[in-house]
Amino acid sequence: MMDLTEKKSVHALLARHGFHFSKKFGQNFLIDDSVCPRIAEEGNACAGYGVLEIGPGIGTLTQQLALRAEKVAAVEIDTRLLPILQETVGKFENLHVIQGDILEYDIPALLEQEFSGLRCAVCANLPYYITTPILMHLLESGAAIDTITVMVQKEVAEKLTAKVGTRESGAITVAVNYYGTADILFPVLRDSFLPPPNVDSAVIQIQVKQRYADITKNPSHFFAMVKNGFSQRRKTLVNALSATMGYEKQMLISILEEMELPESVRMEKLTMEQLISLSNALSERAVV
Ligand code: SAM
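These remarks concern the structure in this document.

About the cut-offs
Residues numbered from 1 in each chain as written. Predicted model: local features only at pLDDT ≥ 70, side-chain atom pairs only at ≥ 80, totals over all residues. Heavy atoms only, no water. Core = buried A, V, L, I, M, F, W, Y, C linked by side-chain atoms within 4.5 Å. Buried < 20%, exposed > 50% of the residue type's maximum accessible area, 1.4 Å probe, protein only. Contact = heavy atoms within 4.5 Å. Helix = DSSP H or I, 4+ residues; strand = E, 2+ residues; numbered from the N terminus. Polar contact = N/O pair within 3.5 Å; in protein donor to acceptor, adjacent residues only side chain to side chain. Near = heavy atom within 4 Å. Areas by Shrake-Rupley, 256 points an atom, 1.4 Å probe, with all protein chains shown as cover. Nonpolar A, V, L, I, M, F, W, Y, C, P; charged D, E, K, R; others polar. Phe/Tyr/Trp six-rings, centres within 6.5 Å; stacked < 30°, edge-to-face > 60°. Salt bridge = Lys/Arg side-chain N within 4 Å of Asp/Glu carboxyl O.

Brief notes about the nonpolar core
In this structure, L52 and L241 are the most contacted members of the largest nonpolar core, which totals 64 residues. Residues contacting L241, with those up to four places away along its chain left out, are M225, N228, G229, G246, Y247, L252, M267, L278 and L282. In terms of nonpolar packing, the next biggest core, distinct from the first, is built from 37 residues, V10, L65, A74 and I84 among them.

Structure representation (structure tokens):
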């Protein structure tokens, strides 16, 4: 198996294929030999599991996934990487490399087609320019995924794993908590990549489990309310939601009173349960 963590041989491989990194696709390839085995091991790449990888690049993480998982499907957008992947991981019989944009796939259908009868996990070193859209695409799809184990920018990792109801949280924190629980597994320094990005990174894991679906009356209202409330997070919740969603201030204040919350409260102070109660109450009343 080709060693894809050895800088010299990676440079030679890329030169042989006339490949140049594309900023547009967020290409920073892992060259640290300790990181990929750890993502694979902690990310459920094991017997009985089908693992979806997003953006295999030159196949560094793909190798470690294919060595351990029952089956791997790797979706790569950049057609220039296909001949390289053929050379580096083409021999794995349990691997299917698919050319395409992950955001355009119907995830439950893709998993059914690739991993019928297996449990599913997602592992990836994500392209940072679309971290949030990819995570939301996976989570909102409702696909039966057990865990999502991904490398993201350190600041994003901190936001994703913040506690809802604290200053560090944001709309994405609430969204991730709606669909599961997120934890940081380990930090990764910028020197672990070729070329090194301008930021440090961390591997996070989302354990997917629906905890709030049963008590949320109108999920699309809930997500719209959270997005709008956090888009003006310096304002009080009353001012933010009246400005962005057109609710009457008095109605918002009376709902907050019923919830025993002060009218000066900001959205970032509310717990998951309080956010859901607020959305339930608002979606039952007339929108102005
Ligand atoms: N997994 C490799 C590694 O760890 O070395 C590469 C990771 S690199 C940060 C991100 C990869 O995602 C690149 O190969 C890039 O071409 C690919 N990519 C970018 N946007 C994508 C998209 N929308 N769908 C699928 N792959 C994408």
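Quick notes on the environment of S22
Tracing the backbone shows S22 in the loop between α1 (7–16) and β1 (29–30). Residues S22 and N94, spaced 72 residues apart in sequence, show a C-alpha to C-alpha distance of 28 Å. In contact with S22, not counting residues within four places along its chain, are Q27 and R80. Reaching out from S22, the side chain makes a polar contact with the backbone nitrogen of F25 at a distance of 3.2 Å.

Some remarks on the site of the ligand
Surveying the vicinity of the ligand reveals 24 residues, the closest of which are L30, G55, E76, D101 and N125. One of the backbone nitrogen or oxygen atoms of L30 is found 2.8 Å away from an oxygen atom of the ligand. Within the contact set of the ligand, a nitrogen atom lies 3.4 Å away from a backbone nitrogen or oxygen of P56. Relative to its unbound accessible surface of 600 Å², the ligand loses 99% to contact with the protein. Among the secondary structure elements, those contributing two or more residues to the shell around the ligand are β1 and β3 (71–76). Considering only residue class, the shell around the ligand consists of 12 nonpolar, 8 polar and 4 charged.

Details of the packing of aromatic side chains
Here the structure, examined in full by the defined rule, presents 8 aromatic pairs. Between Y178 and F223, the ring centres sit 5.0 Å apart and the planes meet at 75°, which makes this aromatic pair edge-to-face. Note that Y178 is positioned in helix α8 (residues 171–179) and F223 in helix α9 (residues 219–231), a separation of 45 residues in sequence. Each of the two residues, Y178 as well as F223, counts as buried. Ring centres of F222 and F223 lie 5.3 Å apart, and the angle between their planes is 75°; on these two criteria the pair is classed as edge-to-face. Taken together, the ring pairs connect Y178, Y179, F222 and F223 into an aromatic cluster.

Some points on the pattern of salt bridges
Per the stated rule, a full pass over the model turns up 11 salt bridges. In this structure, R68 and E41 form a salt bridge, with 2.9 Å as the shortest nitrogen-oxygen distance. Here R68, found in helix α3 (residues 60–68), pairs with E41, found in helix α2 (residues 35–42); they are 27 residues apart in sequence, far enough to count as distant. Take R68: its relative accessible area is 23%, and that puts it in the partly exposed class. A relative accessible area of 56% means that E41 is categorised as exposed. Between R119 and D146 there is a salt bridge, with its nearest N and O atoms 2.6 Å apart. One end of the pair, R119, is in strand β5 (residues 119–125); the other, D146, is in the loop between α6 (131–140) and β6 (147–153), with 27 residues separating them in the sequence.

Comments concerning the side chain of Q63
Along the chain, Q63 falls in helix α3. Note on Q63: relative accessible area 3%, which makes it buried.

Structural notes on unusual backbone geometry
For the bond from L194 to P195, the omega torsion is -10°, close enough to zero to count as cis. With respect to the element layout, P195 can be found in the loop between β8 (193–194) and β9 (201–208). Phi is positive for N44, close to 70°, though the residue is something other than glycine. Along the chain, N44 falls in the loop between α2 and β2 (49–54). The phi torsion at E260 lies on the positive side, around 60°, for a residue other than glycine. Looking at the secondary structure, you find E260 in the loop between α11 (249–258) and α12 (272–284).

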